[in-house]
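Fold and contact review
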Amino acid sequence: MVEEVQKHSVHTLVFRSLKRTHDMFVADNGKPVPLDEESHKRKMAIKLRNEYGPVLHMPTSKENFKEKCPQNASDSYGHKQYPANQGQEVEYLVTGTHPYPPGPGVALTADTKIQRMPSESAAQSLAVALPSSQTRVDANRSAPAGGEYRHPGTSDRSQPAGMTSAVMEAGNAKNSALMAKKAPTMPKPQWHPPWKLYRVISGHLGWVRCIAVEPGNQWFVTGSADRTIKIWDLASGKLKLSLTGHISTVRGVIVSTRSPYLFSCGEDKQVKCWDLEYNKVIRHYHGHLSAVYGLDLHPTIDVLVTCSRDSTARIWDVRTKASVHTLSGHTNAVATVRCQAAEPQIITGSHDTTIRLWDLVAGKTRVTLTNHKKSVRAVVLHPRHYTFASGSPDNIKQWKFPDGSFIQNLSGHNAIINTLTVNSDGVLVSGADNGTMHLWDWRTGYNFQRVHAAVQPGSLDSESGIFACAFDQSESRLLTAEADKTIKVYKEDDTATEETHPVSWKPEIIKRKRF
């Protein structure tokens with residue numbers, strides 16, 4: 001109602017001004033002199049264009065100017081054409097806006113841009129252009145026939161049925177867009193048999209900090225705070241060999257799949273290559289300025305990558321011992337590093353709470369992931385999917401390569417997570433500083449088992465901690481390196497079934513928060 005009053009006032013002002021212009025005149029000597037008809041029309045056109053231009057396109061009803069609008073001077077929409085030449089005879093028409101709003105996200109076509117009374121075909125084309133929605137269809141079915149929609153400011157007149165239908169479609173589209181979407185729920189997880197402890201291996205005299213299984217699945221190797229590297233028979237759990245050479249805690253070990261070499265690193269800043277045919281060190285890789293916390297081998301080329309407390313990761317040529325790149329960018333100790341054949345070929349996690357994906361050729365960061373709020377001590381790559389997971393005291397997060405797109409949080413392991421490993425069946429294992437181990441379904445993030453094994457006799461309860469874990473090559477056994485100086489071996493419970501160990505799953509809302 002207020003808009004109609006305002007528009008009526010503007011139109012009244014224009015009409016009175018035109019009347020005064022028609023009745024008045026101007027002369028150089030200040031005395032009234034009547035103007036001829038041609039001069040009068042020219043003056044009126046100039047006055048209207050200069051002083052009332054901003055209100056020329058305000059809405060008005062068609063009937064107000066019907067007699068002033070000759071058919072031969074209109075365009076295809078019935079709008080008056082204004083010639084650029086101001087000296088010609090001109091009549092002005094205040095045109096209205098579109099009588100109904102466009103649908104959300106739907107551009108008006110040439111047939112529906114500015115017309116006060118759209119044709120039946122134009123209204124139908126707009127209705128067809130609107131996206132289909134069951135909500136709108138239901139609303140149309142329940143809408144009363146012959147209902148009208150009046151755009152604010154337009155005159156009170158009936159509208160064609162086609163236009164009414166299009167207006168209802170547009171309104172319903174807005175309503176459906178504003179409706180609350182149902183939160184995503186966790187799908188039912190795959191059933192996994194529980195894992196049970198079946199062997200405890202003793203022999204180290206200090207914390208067991210790292211573990212790796214050789215490609216032939218005959219033996220595995222561990223590194224310890226007692227400065228030794230021990231090789232154990234996988235089937236029997238008996239000690240086969242001890243290697244000495246490090247002068248501080250051994251923090252990382254890995255066995256090459258391309259050559260008979262074992263690589264190790266430690267808090268003594270040293271990176272060593274051991275020849276397993278002679279059980280001797282054959283190469284040293286010098287360059288790190290502080291303790292070396294982890295290492296990994298590239299799966300397809302002879303490249304070794306190490307990470308250190310000096311906030312860098314280094315890429316080494318295995319044969320020449322040359323430092324190919326120094327990957328700098330982290331602002332605190334780099335705790336873990338992983339390699340893969342696909343891009344990005346190097347992934348690092350750091351105590352500065354970030355994860356970096358690196359370009360191996362350029363030696364530069366491709367992506368930095370800043371979602372974690374606390375130190376990232378563990379990263380694991382899925383053996384089959386193009387995804388990876390990172391572990392931190394705040395959460396375990398899953399990501400998608402190559403750009404590190406966030407997938408989901410795995411919440412519930414509220415401890416300092418030191419290690420992550422995953423097998424081809426989608427069993428993700430997280431080991432923590434307090435001795436707890438959680439097993440997860442990779443796809444859904446469902447935590448199907450929690451383990452807290454007792455420390456070996458003679459140890460303090462405070463020595464309950466898991467520093468590293470790994471599956472063997474058959475993925476039927478799980479090995480953990482622990483703070484009570486033991487290696488614990490787990491296997492699947494063969495007697496368990498879905499009936500004896502059902503999945504206690506409810507369709508809970510997925511927490512896909514990024515932070």
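Each residue is numbered by its place in its chain's sequence as written, counting from 1. With the structure being a predicted model, the display of local features is reserved for residues of pLDDT at least 70 and the display and counting of side-chain atom pairs for 80 or more, all residues being used for whole-chain, interface and lining totals. Only hydrogens and water are set aside when side-chain values are computed; all heavy atoms of the structure are taken into account.

**Overview of the overall build of the chain**
Counted only if it meets this: Here a helix means four or more residues in a row that DSSP labels H or I, a strand means two or more in a row labelled E, and each is numbered from the N terminus. We call a residue buried when its accessible area falls under 20% of the maximum for its residue type, exposed when it is over 50%, and partly exposed in between, using a 1.4 Å probe and counting protein chains only. Should any heavy atoms of two residues lie within 4.5 Å, those residues are considered in contact. Reported accessibility uses the Shrake-Rupley method at a 1.4 Å probe radius. Residues are deemed covered only where the shown protein chains occlude them.
Within the chain one finds 5 helices and 28 strands. Counting only residues that meet the buried cut, the chain has 47% of its 515 residues in that class. Partitioning the contacts of the chain with sequence separation of at least 6, the portion at a separation of at least 24 is 50%. Of the accessible surface of the chain, which amounts to about 26,500 Å², a share of 52% is contributed by carbon and sulfur atoms.

**Comments concerning helix 2 (residues 37-51)**
This is how the line gets drawn: Take the number of residues in a helix, subtract one, and multiply by 1.5 Å to get its expected span. The directions considered for the arc run from the helix axis to the C-beta atoms.
The terminal C-alpha atoms of helix 2 lie 21 Å apart, and with 15 residues this matches the ideal 21 Å at 1.5 Å per residue to within 8%. Among the residues of helix 2, His 40, Ala 45 and Leu 48 are the ones counted as buried. Around the axis of helix 2, the buried residues are gathered within 130° of arc, so they sit on the same side. Turned more than 90 degrees away from the buried face of helix 2 sit Lys 43 and Asn 50, all of them exposed.

**Topic: the confidence of the model for the chain**
Note the threshold: Think of pLDDT as the predictor's per-residue confidence, scored from 0 to 100.
On average, residues of the chain score 79 in pLDDT, and 65% of them reach the 70 mark or higher. Note that residues 25-29 has pLDDT below 50 and, in this model, 7 contacts with residues that lie over four places away or in other chains. When the criterion is pLDDT under 50, residues 133-159 qualifies, and its contacts beyond four places in sequence or with other chains add up to 43 contacts.

**Section: the sheet that holds strand 25 (residues 446-452)**
Convention followed: For two strands to be treated as a pair, DSSP must find at least two bridges joining them. Every axis in this analysis is a line fitted to C-alpha atoms, fitted for helices over the stretch in contact. Angles between the N-to-C directions lie between 0 and 180 degrees.
Read from one edge to the other, the open sheet built from 4 strands follows the order 22-23-24-25, with strand pairing classed as antiparallel. Every interior strand has two partners, whereas the edge strands, strand 22 (417-422) and strand 25, have only one. The sheet shows a mean angle of 20° between the axes of neighbouring strands, direction not considered. Here strand 22 runs beside strand 23 (residues 427-432); their pairing, made up of 5 bridges, is antiparallel. If you follow Thr 421 over to strand 23, its bridge partner there is Val 429.

**With respect to the nonpolar core**
To keep it simple, the criterion reads: To define a nonpolar core, start from buried Ala, Val, Leu, Ile, Met, Phe, Trp, Tyr and Cys residues and group those joined through side-chain atoms within 4.5 Å.
By size, the foremost hydrophobic cluster in this structure holds 14 residues, and its most contacted members are Trp 195, Val 427, Val 429, Met 437, Leu 439, Leu 478 and Tyr 490. Those elements that provide at least two residues to this core are strand 23, strand 24 (436-441), strand 25 and strand 26 (466-471). Excluding anything up to four places from it in sequence, Val 427 contacts His 192, Trp 195, Thr 421, Val 422, Leu 439, Trp 440, Phe 448 and Phe 471.

**Examining the pairing of strand 25**
For strand 25, the tally of buried residues reaches 5 of 7 residues, placing the bulk of the element in the interior. Sheet topology note: the strand 24/strand 25 ladder contains 6 bridges and is antiparallel. Following the sheet pairing, Leu 439 is matched in strand 25 by Gln 449. Counting the residues between successive antiparallel strands, the hairpin from strand 24 to strand 25 contains 4 residues, one of them, Gly 445, with a positive phi of roughly 75°.

**Re the environment of Ser 474**
Basically, it comes down to this: Distance and chemistry together define a polar contact, namely a pair of N or O atoms within 3.5 Å, with one atom able to donate a hydrogen and the other to accept it when in protein, and with adjacent residues in sequence counting only for side-chain atoms on both sides.
Structurally, Ser 474 is set in the loop between strand 26 and strand 27 (477-482). Take Ser 474: its relative accessible area is 42%, and that puts it in the partly exposed class. On a C-alpha basis, the gap between Ser 474 and Ser 424 in space is 10.0 Å, while along the polypeptide they are 50 residues apart. Within the structure, the side chain of Ser 474 is placed 2.9 Å from the side chain of Asp 472, a separation counted as a polar contact. Here the side chain of Ser 474 touches Ser 476 through a polar contact of 2.8 Å, side chain to side chain.

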